[in-house]
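# Report on the structure
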Amino acid sequence: MGFAAFMSRTAIAFDPDQGREVEALFDGLAPEVARHMGGAAGSSPYLNGLIRQHADWLRSIIDMVPADLVAQLSTFDGEEAGDLGQRLRAAKGRLALYLALADLAGVLSTEDVTIALTDFAGNALQAALVHQMRRVADRGLLPGMAASEIGSDTAGLAVLAMGKMGAKELNYSSDIDLIFLFDEARWDPTDFAEARMAFVRVTRGVAAMLSDRTAAGYVFRTDLRLRPDASVTPVAMSMEAAERYYESAGRTWERAAYIKARAAAGDTAAGAAFLDRLAPFVWRRHLDFVAIEDAHGMRRRIRTHKRLFDDAPLQGFDIKLGRGGIRDIEFFAQTQQLIAGGRDPSLRVRGTTQALAALADAGWIAAERATDLARDYWEHRTLEHRLQMIRDAQTHALPVNADEFRRLACLSGQTDAVALEREIAERLRRVQEATEPFYDTITAPRDQKPAARDDVVARWLRLPALRSDRARARFRRLRPVLFERLEQAARPDEAFASFESFLAGLPAGVQLFALFEANPQLVELIVDIAATAPGLAQYLGRNAQVLDAVIDGDFFAPWPGQAALTRALGEVLEKAQDYEQCLDAARRWAKEWHFRVGVHFLRGLISAETAGREYADLADAVLTALMPVVTNSFAAKHGPPPGLGAMVVGMGSMGVRRLSTASDLDLIVIYDGQDAEISTGPRPLPTRSYYARLTQALVTALSAPMSEGRLYEVDMRLRPSGRQGPVATAWSSYQRYQRTEAWTWEHLALTRARAVTSPPDLTEAFENFRQELVQGQTRPAAKIASDTVEMRTRLAEAKKPDSVWEVKDGAGALRDIELLAQAGALTAGLTDRSTRAGLAAIARQGYLGATAVDELVAAYELLGTVQAASRLLTNALVGINALGLGGQRFLLTQTGTRSLDQLEERLMDAKHQAARHIETALERMAGNI
């Protein structure tokens, strides 16, 4: 019995012409099957393309028993030959196509579809996990394990499926929410740090394999943000660290998330054991009515954030988050599970409809209500699938016009779109009536809402930083002063929200209000930050230890300089007991100084240019002090560095010492092995492999997220041959490459290069070589100009600015001006790295007049100030409203403008004028005037 025997409805073509074209492809099949194919294709552009692409395959499988075919399509053999990512995408495409057609025809229920999608997701996840584990082991990055030893338990790495994947309820276009945890007991303490870094690599590799969009599409979008304290923790963490977090700082929403958690891949035995150990956190023995208030608060916050209001029209209505939608049913079930699940294990089930049934069996809700909500839940989910099938979009929004509603009705096999709207509205009403009374019994009536600030206090009192009686008592004493300061902000609501974000990031045990009582000036500073720079306030909340630096008497002292910073960090690192403690200590130290620069800039104590130099000093100190620590740790296993050693070279903004608060570090590593073939040590390595692995260790030391966060993101694309080249380059090879193979853009980049840390002899040799190459390069000015124009075109095509506030990319923006300055330096043989010097060289060579160069310098300073200020406040300014009023005032002050309109006009004029001067200079250079 094939597809036709199980059909109970047929899709109707919204576009009859498209429908007839596709229907004709299935001549010879049962007429109702051919009509259904045409109906699906004529109503869904996404299915139209898939059906045409896979028409031959569909004809070959259409007579198979649907349940048998789905079971076959849902499995996946990760051991087959060929590109795994490509095979996963092809398999997902076939499964998604068949499930859509079967769903629309009534051949499979929506619940059957969600189970099939979840089964495939689990199999794909397992295949990707084993593949990435073997890749990492094959590179020698998993201590003591060869690729051949990696089995299905993946060396203790377990993957928890959360949300809909955990409950086997994936929708047609779901993300998959995953948490990667490893069993630290499987590893010797001396190998722990290396193993953890390997698991981080594996996790990133799995996420990329599943979620990267290629020509063949993607497998599943992957979300790793449900892990503990996701903003500061690595993407893979130990089970012991996760348990500590949940015991000390776990919140109600995290308890609710773990209701659906399931060990889905990797070491599932270890994952299941972890979930068993976490049960006391999720399932409280007492009746937890606080969970109701928290759940109700989450609903309100979601709707406020998404601008979902009680009187929202049906057009564009969010069927997932809107009132009476999918999430209301899920919250209704989960909240009652949290309340009573600690005493009644029968309520500890993952699926929504299973939870409703269990609540009815236990007497918590009426059986009729459970049945009605389960029916409405799956009808909502069916509608959700239809919406997502139309264009393969992760959407939950109903159509916004009559035509699109008719398309939705046709896809669902209905001819009357108005009747469909009435059906949806009635279902939403039923769900509201069934779920709202539960929340209303324990929350204030809508006409008796407490005052807005009382709401604020109620939320704050549930935060970890205010859990203790002592903290609450101090807060009550400080509340009048604190609220008065916040109310005096330019936009009080923004200030209160930002201060709340700061508080929410603080862990339990931080005696914030004790610090406020002892240091009244601290209140003023924190409120100033909250009112001006919400991003900085959130950072402060996540890194509460920097408050110690704020109250230190030296916080507002003059800047000590790079050498003093390096010595200070060196002393900190000497006190650490092991390598991992060194890395965490470096992170804590750097955060304090990084925060200090930001606060000084925010309060107008330093300029944007000075802040850029100080951020660069800090990066220099970190690299200079940390490189020996990384080298010594590496040498303990593989012997001391062969030959002279390695040099870290700063490129781009790092080279010219102009970083911002969010800058990556553009670095290259050059080594001089002095003809040594292999290192001497317990596990010797060939010299080339030694320095490649040492470089990887340095990058990991800088960029790996640890308990104290990360230091810097590192970009090494400016090394010889870019991504294709080795991560560390031999000194002789580097010189040969630069002399004989390098492109003009690589010599342009060399005008800004600077040795940051290296053996003194190598530093001197590098700088002599750089000067020789820049001063003695043989390319004519016309060639440099031509290649610069080509580079400029590529940059313009790669990143097109959407707003005048995007000051880095685009014609006349920062990168454009810097590129001209580099060309000017190269044509003049100028070894000064600064942008101003390069632009002055343009004038000296006659390519522009002095006035034009002055205008370029002024534009560069204005754009640089806007970039530095906006990154301090938001990290990415694409619209002025993203800053809030306090941030806008700060930006106006920094740029010396009176109004936002004036600043916007100045930016437009500056970029337009700069682009015109750049084009003139390059044209003249090309003609070698």
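I will try to describe carefully the structure that is included in this document. (Residues numbered from 1 in each chain as written. Predicted model: local features only at pLDDT ≥ 70, side-chain atom pairs only at ≥ 80, totals over all residues. Heavy atoms only, no water.)

## Digging into the environment of Gln 867
Summarising the element assignment, Gln 867 is placed in helix H38 (residues 850-873). Classification of Gln 867 as buried rests on a relative accessible area of 18%. Through-space distance from the C-alpha of Gln 867 to that of Arg 459 is 35 Å; in sequence the pair is 408 residues apart. Sequence-distant contacts of Gln 867, that is, excluding residues within four places in its chain, are made with Val 807, Lys 808 and Leu 814. (Helix = DSSP H or I, 4+ residues; strand = E, 2+ residues; numbered from the N terminus. Buried < 20%, exposed > 50% of the residue type's maximum accessible area, 1.4 Å probe, protein only. Contact = heavy atoms within 4.5 Å.)

## A closer look at helix H10 (residues 192-211)
Between its first and last C-alpha, H10 extends 28 Å over 20 residues, near the 28 Å set by a 1.5 Å rise per residue. Most of H10 sits out of view: 15 of its 20 residues are buried. (Expected span 1.5 Å × (residues − 1).)

## Some points on the pattern of salt bridges
Tallied over the full model, the rule gives 45 salt bridges. Linking Asp 376 and Arg 375 is a salt bridge whose minimum nitrogen-to-oxygen distance equals 3.3 Å. (Salt bridge = Lys/Arg side-chain N within 4 Å of Asp/Glu carboxyl O.)

## Some details on the side chain of Glu 384
Note that Glu 384 resides in helix H17 (residues 367-391). Residue class for Glu 384 comes out buried when judged on its relative accessible area of 0%. Setting aside chain neighbours within four positions, we find Glu 384 in contact with Asn 171, Ile 326 and His 396.

## Here we look at the packing of aromatic side chains
Within this structure, the stated rule accounts for 26 aromatic pairs. Aromatic side chains Phe 3 and Tyr 98 sit 5.9 Å apart centroid to centroid with 75° between the ring planes, which places their arrangement in the edge-to-face category. Separated by 95 residues along the polypeptide, Phe 3 in helix H1 (residues 3-6) and Tyr 98 in helix H7 (residues 84-105) bring together distant segments of the chain. Using a relative accessible area of 1% as the deciding quantity, one classes Phe 3 as buried. Relative accessible area serves as the criterion here: at 0%, Tyr 98 is assigned to the buried category. Measuring from ring centre to ring centre gives 6.5 Å for Trp 731 and Phe 766, while their planes differ by 50°; the resulting arrangement is tilted. Within this pair, whereas Trp 731 is found in helix H32 (residues 731-740), its partner Phe 766 is found in helix H34 (residues 760-776), the two being separated by 35 residues in sequence. We classify Trp 731 as buried; its relative accessible area is 9%. (Phe/Tyr/Trp six-rings, centres within 6.5 Å; stacked < 30°, edge-to-face > 60°.)

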